[in-house]
Amino acid sequence: MCGIAFCYSRNGSDTIRGKVGAALDKLAHRGPDAAGIHVAGNAVSGHRRLSIIDLEHSRQPMVSPCGRYTLSFNGEIYNFRTLRPTLDQQWQFTTQGDTEVLLAGLVTEGLAFVDRLEGMWAFSFWDNTTETLYLSRDRIGKKPLYYQISEGGIAAASELPALRLMAPAAWNEDADSTADYLRYGFYLPGHTAYCEVLEVLPGHHLTWSPGQGAVQTRYWRIDPQAAAERNSDTGALISALTSAVEKRLVADVEVGAFLSGGVDSSLIVALLRQSGVHPKTFTIGFEDQAYDERRYASQVAAHLQTEHYEQVLGGWDVQRLFTLLKEHVGQPFSDSSLLPTALVSALAAQHVKVVLSGDGADELFSGYQRYQASTLLRWYSRLPGALRHNIPKLVRSLPEPMAHHSRSLLKKAHLFVDLAEAHDDTTPYIAPALYSPAQFADFAPGLIQHGHQPPGIPAQTAPDDIGRMMLADALVYLPQDILAKVDRASMACSLEARTPFLDTRVIELAFSQPGNSHRNSLHGKRLLHAAFADLLPANIWRRRKQGFSVPIHDWFRGAMGEDLEQLLATLVLPFNVRVVSDLLKEHRAYRRDHGHRLWNLYNYCVWKSGA
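None of these values were measured; they are calculated from a predicted model.

Calculation rules
- Residue positions within a chain follow its written sequence, with the count starting from 1.
- In keeping with the predicted nature of the model, local features appear solely for residues at pLDDT of at least 70, side-chain atom pairs appear and are counted solely at 80 or more, and the whole-chain, interface and lining totals rest on all residues.
- Note that the side-chain values use all heavy atoms of the structure and ignore hydrogens as well as water.
- A pair of strands is labelled paired if DSSP reports no fewer than 2 bridges between them.
- Helix numbers and strand numbers start at the N terminus; a helix is a DSSP run of H or I with at least 4 residues, a strand a run of E with at least 2.
- Fitted lines through C-alpha atoms serve as axes, helices being fitted only where they are in contact, and the angles separating the N-to-C directions of these axes extend from 0 to 180 degrees.
- For this analysis, residues touch if any pair of their heavy atoms sits within 4.5 Å.
- Any N or O atom pair separated by 3.5 Å or less is treated as a polar contact, with the protein-specific requirement of one donor-capable and one acceptor-capable atom, and with residues adjacent in sequence counted only for side-chain atom pairs.
- A simple rule labels every residue: compare its accessible area, found with a 1.4 Å probe on the protein chains alone, to the largest value its type can have, and call it buried under 20%, exposed over 50%, or partly exposed in between.
- Salt bridges are identified by distance alone: a Lys or Arg side-chain nitrogen within 4 Å of an Asp or Glu carboxyl oxygen.
- Between the first and last residue of a helix there are one fewer steps than residues, each counted as 1.5 Å, and that sum is the expected span.

*Asks:* With reference to specific residues and values, describe the sheet that holds strand β2 (residues 34-40).
*Replies:* The antiparallel open sheet is built from six strands, whose spatial order is β2-β3-β1-β9-β8-β10. Two strands close off the open sheet at either side, each with one partner strand: β2 and β10 (197-199). Neighbour to neighbour, the strand axes of the sheet diverge by 15° on average, direction disregarded. Of the pairings in the sheet, the one linking strand β8 (residues 146-150) to strand β9 (residues 153-157) comprises five bridges and is antiparallel in character. Paired with I149 across the strands is I154, a residue of β9. Packed onto the sheet, helix α1 (residues 17-26) meets β1 (2-9), β2 and β3 (43-49) and runs at close to 20° relative to β3.

*Asks:* Break down the side chain of S357 for me, with residues and values.
*Replies:* Its location among the elements puts S357 in the loop between β16 (354-356) and α11 (361-365). In terms of polar contacts, S357 uses its side chain to reach the side chain of D359, at 2.9 Å. Those residues in contact with S357, other than ones at most four positions away along the chain, are F258, I268, R498, T499 and P500.

*Asks:* Tell me about the environment of Q60, and please be specific about residues and values.
*Replies:* Mapped onto the elements, Q60 comes out in the loop between β3 and β4 (62-63). Taking the relative accessible area as the measure of exposure, Q60 reaches 8% and is therefore buried. Distance in space between the C-alpha atoms of Q60 and C2 is 9.9 Å, their sequence separation being 58 residues. Of note is the side chain of Q60, whose polar atom sits 3.3 Å from the side chain of H47.

*Asks:* So, the environment of Y602: which residues are in play, and what are the values?
*Replies:* Mapped onto the secondary structure, Y602 falls in helix α24 (residues 595-610). For the pair Y602 and E565, spaced 37 residues apart in the sequence, the C-alpha separation amounts to 9.4 Å.

*Asks:* Describe the pattern of salt bridges, with residues and values.
*Replies:* Counting across every chain of the model gives 26 salt bridges. Ionic pairing is found between D335 and K485, a salt bridge with its closest N-O pair at 3.8 Å. Note that D335 is positioned in the loop between α9 (318-329) and α10 (338-349) and K485 in helix α16 (residues 466-491), a separation of 150 residues in sequence. In this pair, the class of D335 matches that of K485, namely buried.

*Asks:* Explain helix α6 (residues 234-247) to me, and be specific about the residues and the numbers.
*Replies:* Between the first and last C-alpha of α6 there are 20 Å, a value that for 14 residues agrees with the 20 Å anticipated at 1.5 Å per step. Of the residues making up α6, those classed as buried are A236, L237, A240, L241, T242, A244, V245 and K247. Lining the buried residues of α6 we find α7 (263-274), β16, α11, α17 (504-511) and α19 (526-532).

In structure tokens, the structure reads:
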């Protein structure tokens, strides 16, 4: 796992080499083991290395023997040893790593070679003869890659703060992206907080050359069309996920695992043990028992006989938050589990350089509570109008509990009413929204007509179309929230995170199954349970879905709420400050839990104050 930087200027490499060097310094956390710069004509490629495979060699940027091509690569190719013999007749290898296999494949087969890769990646590949840049990102978007094009050139980097140091043009806030962030808590695929600062889409290549502009080409997509023609196939899933875990053990360093005590991470650890590995496992707990999962993680660790490590997050750390946002994310990001993910990554990095995680299972196997709520919404919509009108009034008349939703039926009722109010038959599901259309119009009237459209999501036909919700979450929520969070938090600690559930074969198998194989009425992950029930204790399978939640509702009744008040009073903001102040007052009075909305706004204000 590494950090990459690339810059081209028609004025020559002398004007940009220093900028690439500064960008690499900014990416030092992604690759503390080595750094390199290569100049080819008017282009400069840079690389920071976290050594995982072929520790002593495979330095980057890597240049072809003829000197024409330069590769700067972030990621891991798990099947490189299988691919290497297929290239032996055309290439004389001098290293033992995956980087040279990727370089050889690109030189000899072009971008079509990417179709043969199993792994995660973001790379820049420069052809100095034709002055053509190729950028590529893995199928589901595990590894980040941002870029900016100007009249005089192009710059690309693994993280926004590094890209900004090479920026050929000014960075101005994008109103459409701001609207997206305020609605969903993250930016939609392909976009950032800034005008003309973009990201390579997952499953896409970008080709650029001077005077020709840039073209993005899709090379892979999720295709659920065969779902109705197949039956649930537990044998295929057992084989695919077991193989996915084994592939991700390819490393010349020790591999550990995150372990929350939930089904997903516990199952990955169980498959690690089944493969013969006795891993170190890591978990973060909370002083608030409603959010603390350590007892489950400890149970699984004891059951699977892992070497287990724990740490407790007692409260919010504003300096850590500022550092993550400014130095790593580079734009607003409102998933509050960024903080505990950074903490568990720091804990793991004290012992290993690579961890496996359970991310992706909820999107692939229907694990989120919102899928259950969507089923309930179908039933709810059939109730008489008068009853549907009065139920929200009754629920709202009762103060919303501040407990985690897994501990309170009344809390779930409040969340369900939020969902019912936010639902709009004319608007396809894109991602979980923080506001209904009416609420957003009151909160940010100047942004109601703003926003981007995410690519590749089919039209929604019904409010309970869970299959389309799962697909949208896999294409939007997963790369823009979950994977972005894990990448920035882990790489801030120089730790590589690998995700077996997001193996290409597992993804394609999951989305080829009929909907009833994943969910039975209100219960999801049926296929996972059918395939792997015997690997985990029964109570772990029975656990209510909790997620990596943080007790932010408490934080806004203390110093964080005061900080937000000060920010609201001093910044020029694109939303109605009165509405936000009312949310904060209602939250502090224990009438409604607005913790996630306030966190969304707080992170925006923190970014705005330093923009």
